[in-house]
Amino acid sequence: MTPALVRNLRGPSTARNETQVTEWALAAARTGDREAIEQFIRATRRDVWRFVAHLSGDVEGADDLSQETYLRALTSLPRFMGRSSARIWLLSIARRVVVDRYRSVASRPPITHTADWQTVAEGAQPCGLPGFEEGVALLDLLEALDAARREAFILTQLLGLPYAEAATAVGCPVGTVRSRVARAREDMTALLQTAEAAAEPLSAAN
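Residues numbered from 1 in each chain as written. Predicted model: local features only at pLDDT ≥ 70, side-chain atom pairs only at ≥ 80, totals over all residues. Heavy atoms only, no water.

Novice: Please explain the packing of aromatic side chains as it appears in this structure.
Specialist: Working definition: an aromatic ring pair is given by the centre-to-centre distance plus the angle between the planes. Enumeration over the complete set of coordinates arrives at one aromatic pair. Considering the side-chain rings of F80 and W89, the 4.9 Å spacing of their centres and the 40° angle between planes classify their relative orientation as tilted. For the pair F80 and W89, a shared accessibility class is recorded, and that class is buried. Note that R178 overlies the ring of Y163, its terminal NZ or CZ placed 4.5 Å from the centroid. (Phe/Tyr/Trp six-rings, centres within 6.5 Å; stacked < 30°, edge-to-face > 60°. Buried < 20%, exposed > 50% of the residue type's maximum accessible area, 1.4 Å probe, protein only. Lys NZ or Arg CZ within 6 Å of the ring centre and 35° of its normal.)

Novice: I would appreciate a short explanation of the confidence of the model for the protein chain in the present structure.
Specialist: Caution is warranted with low-pLDDT regions, since their predicted coordinates should not be read in detail. Overall, the prediction assigns the protein chain a mean pLDDT of 74, with 67% of residues at 70 or greater. Between residues 1-16, whose pLDDT stays under 50, and residues either more than four places distant or in other chains, the model counts 35 contacts. Here residues 106-136 scores under 50 on pLDDT; set against residues more than four positions off or in separate chains, the count is 37 contacts. (pLDDT = per-residue confidence, 0-100. Contact = heavy atoms within 4.5 Å.)

Novice: Just to check I follow, could you spell out the environment of V21 for this structure?
Specialist: Counting through the fold element by element, V21 comes out in helix α2 (residues 18-31). Between the C-alpha atoms of V21 and A36, which are 15 residues apart in sequence, the distance is 9.2 Å. (Helix = DSSP H or I, 4+ residues; strand = E, 2+ residues; numbered from the N terminus.)

Novice: Help me out: how do you make sense of the nonpolar core in this one?
Specialist: Here is a general trend for soluble globular proteins: nonpolar side chains tend to be buried in one another's company. Of all hydrophobic cores here, the largest spans 52 residues; its most connected members are F40, F51, L77, W89 and L155. Elements with a minimum of two residues in this core: α2, α3 (34-56), α4 (62-76), α5 (86-104), α7 (138-144), α8 (147-158), α9 (163-170) and α10 (174-205). Element by element, the count of residues in this core is highest for α3, at 10 residues. Those residues in contact with F51 that sit more than four places away from it in its chain are L91, A94, R95, E151, I154, L155 and L159. (Core = buried A, V, L, I, M, F, W, Y, C linked by side-chain atoms within 4.5 Å.)

Novice: Honestly, the packing of α2 against α3 in this entry has me stumped. Any pointers?
Specialist: Between two packed helices, what matters for the description is the angle formed by their axes and the separation of those axes. Where α2 contacts α3, the two axes come as close as 8 Å, and the packing angle between them is 145°. Crossing geometry of α2 relative to α3 is assigned as left-handed. Within the contact between the two elements, α2 uses V21, W24, A25, A27 and A28 and α3 uses A36, I37, Q39, F40, A43 and T44. Considered class by class, the residues forming the contact of α2 with α3 number nine nonpolar, two polar and no charged. (Axes fitted to C-alpha atoms, helices over the stretch in contact; angles between N-to-C directions. Left-handed = near helix turned anticlockwise from the far one by under 90°. Nonpolar A, V, L, I, M, F, W, Y, C, P; charged D, E, K, R; others polar.)

Novice: Please explain the packing of α3 against α4 as it appears in this structure.
Specialist: Running from N to C, α3 and α4 point in directions that differ by 130°, and their axes come no closer than 9 Å. Between α3 and α4, the angle is such that the two are oblique. Classified by chirality, the crossing of α4 by α3 is right-handed. Of the residues in α4, those in contact with I37, I41, T44, R45, V48, W49, V52, A53 and S56 of α3 are A62, D63, L65, S66, Q67, T69, Y70 and L74. Of the residues contributing to the contact of α3 with α4, the split by class is 10 nonpolar, five polar and two charged. (Parallel < 35°, antiparallel > 145°, perpendicular 65-115°, else oblique.)

See the structure below:
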């Protein structure tokens, strides 16, 4: 599997079909079936990209982080036994990739600019979701969260993982994930309320 192939597999995500995704991973692990590998990547690529982009805050580097995730996964694939769903296994690898990137650039200034977050936020902004007012970027709110709360929120609310599976991916108790998501919601609500309060004087002046 070449990096170019990993980069080009951008089909729509079918990752919620956990059984099928895991079967593709197991087939690839047993026989190295190229078609199974391609199907596995297509089915999970979107979720991996969104996860590493949100978790790292590095939209420009999300492709590289995704590619590194798949390179590590494909190297480890022969040892995948299907004890957990393949998607959870893959997101666990993605999480380690992001952690490793954090460690390697800890002494450098952040390379992501606000404009990058705004661009992606325009495409990721939920439509008709109560509490997310026009002009408030979801990714700006996520960036302001504590890292652990942001991770739990992304896994459960954006990627749609059940709390138990998110706990497996993160390596913590389910109750901890629930608590982090609840606190993330509280933090985001407070940020929205602050933004709304700041905007009111401007509206009155106009």
